[in-house]
Amino acid sequence: MKNGDQLKYFISALMKDVREVDNSCVLARCVRCGDEMTIFSESLECACSTCGRYSLIDAVATMLHVDRQRAELLLRKLNLVKSMSPFLKIAEKLSISDASNQKIEYLIDNLLPCKSLTLLTAHYGSGKSLFALHVAKKLIENNHTVVYIDNDNPHVVVSERLELFKLNSKLKHQLFYIMHVTKDSKEYQELHNELMKTDHHCIIIFDTLTDFAINYDLNNDFDASKVMKTFKELRNKHTVIILHHKPKDLSQKFKNSTRIVDSVDVAYEVFLDKFTKTFHLNAFKTRIQVKENHVIPLDID
Ligand SMILES: [Zn+2]
């Protein structure tokens, strides 16, 4: 549709007594005084002998009782605005284009959303590292890449567990198991920078938060925010899982500054029932929709 046709079509729907003169202009009733006016399809201006000239944007804003910006956006959608205001130009450039079809993508159905920040909390020795490895194994089976940053478990325990989950053969191509690399170390900075540059989506597991952020006081909001910022950066490109110890006080679900839970998308309490060999997950924060309770068999021989 040409500019002139589009314009005619649009103003016929809105204005009274619309008549086409030629391709360059259309006659209609002035939206301000009701006299006859001319609308020029080239400049998109209205010209009334009583009110003078005003822009089609102003006419639409008056007719639809909306502000100028909304009118401009509407006309923009109909391709009836030539130059946009600087505000709309920058806002349009920065805005997402479509939010109607943004389905949540899960790496594990209803449990682990893609490009999310997930917190797993548990008591000492109640299976959160085992659960994290279980997750790693599932993801690796689905051809994902996992980066496991372990500052908690001793070498012998790690090698035993990798054996248990049959993950040894995946090392250095699908599973990058990195030990003793804390937040402020040169090694971590290097890794972080590369992760921020790559287009290769990874699942990054931090075991545990406290051990990774060894130089930070996680009871302090400022320190906690600083640490969480690191994870939030990664979450823009990757899926991040943080393991965290539960406090000894059973009434509290998590330790430390509330900034930690505030920053994550999903938080679960994890518990391994050693008798039935099942993991039990209870979500206590779900900014992204997940199933609240999970019972998952520990999948080893
Ligand atoms: Zn007028």
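Here is what the cut-offs are and how they apply
- The residue numbers shown here count from 1 along each chain, following its written sequence.
- Residue-level local features of this predicted model are given only where pLDDT is at least 70; pairs of side-chain atoms are given and counted only at 80 or more, and the full residue set underlies all totals for whole chains, interfaces and linings.
- Exposure classes come from backbone-placed C-beta atoms, where a residue is buried if 20 or more other C-beta atoms lie within 10 Å of its own, exposed if 12 or fewer do, and partly exposed in between.
- Under the DSSP-based scheme used, a helix requires at least four consecutive residues in state H or I and a strand at least two consecutive residues in state E, with every element numbered from the N terminus.
- One bridge is not enough; two strands pair if DSSP finds at least two bridges between them.
- Lines fitted to the C-alpha atoms define the axes, with helices restricted to the stretch that makes contact. Angles between their N-to-C directions range from 0 to 180 degrees.
- Each residue gets a C-beta atom placed from its backbone, and two residues are in contact if those atoms lie within 7 Å.

Visitor: I tried to follow the pairing of strand β8 (residues 117-122) on my own but got confused; where do I start?
Guide: For a regular strand, the rule is simple: side chains alternate between the two faces of the sheet. Across the 6 residues of β8, 6 count as buried, placing the element largely inside the fold. Where burial is concerned, the two faces of β8 agree: the one with Leu-117, Leu-119 and Thr-121 and the one with Thr-118, Leu-120 and Ala-122 are both buried. Note: β8 against strand β12 (residues 239-245), 6 bridges, orientation parallel. Residue Leu-119 lies in a different strand from β12, and its bridge partner there is Ile-242. In the sheet, β8 pairs with strand β13 (residues 266-273) via 4 bridges, with the strands oriented parallel. When the sheet's bridge partners are listed, Thr-121 is paired in β13 with Glu-269.

Visitor: For this particular structure, what's the right way to read the sheet that holds strand β3 (residues 36-40)?
Guide: A sheet is described by the order of its strands in space; here 5 strands give the open sequence β1-β2-β3-β4-β5, paired in antiparallel fashion. This sheet does not close on itself; its edge strands, each paired only once, are β1 (19-22) and β5 (52-55). On average, each strand axis in the sheet is inclined to that of its neighbour by 30°, with strand direction left out of account. Examined bridge by bridge, β1 and strand β2 (residues 25-29) share 3 bridges and lie antiparallel to one another. The residue of β2 that forms the bridge with Asp-22 is Cys-25. Contacting β3, β4 (45-48) and β5, helix α2 (residues 56-64) crosses the sheet at an angle of about 80° to β5.

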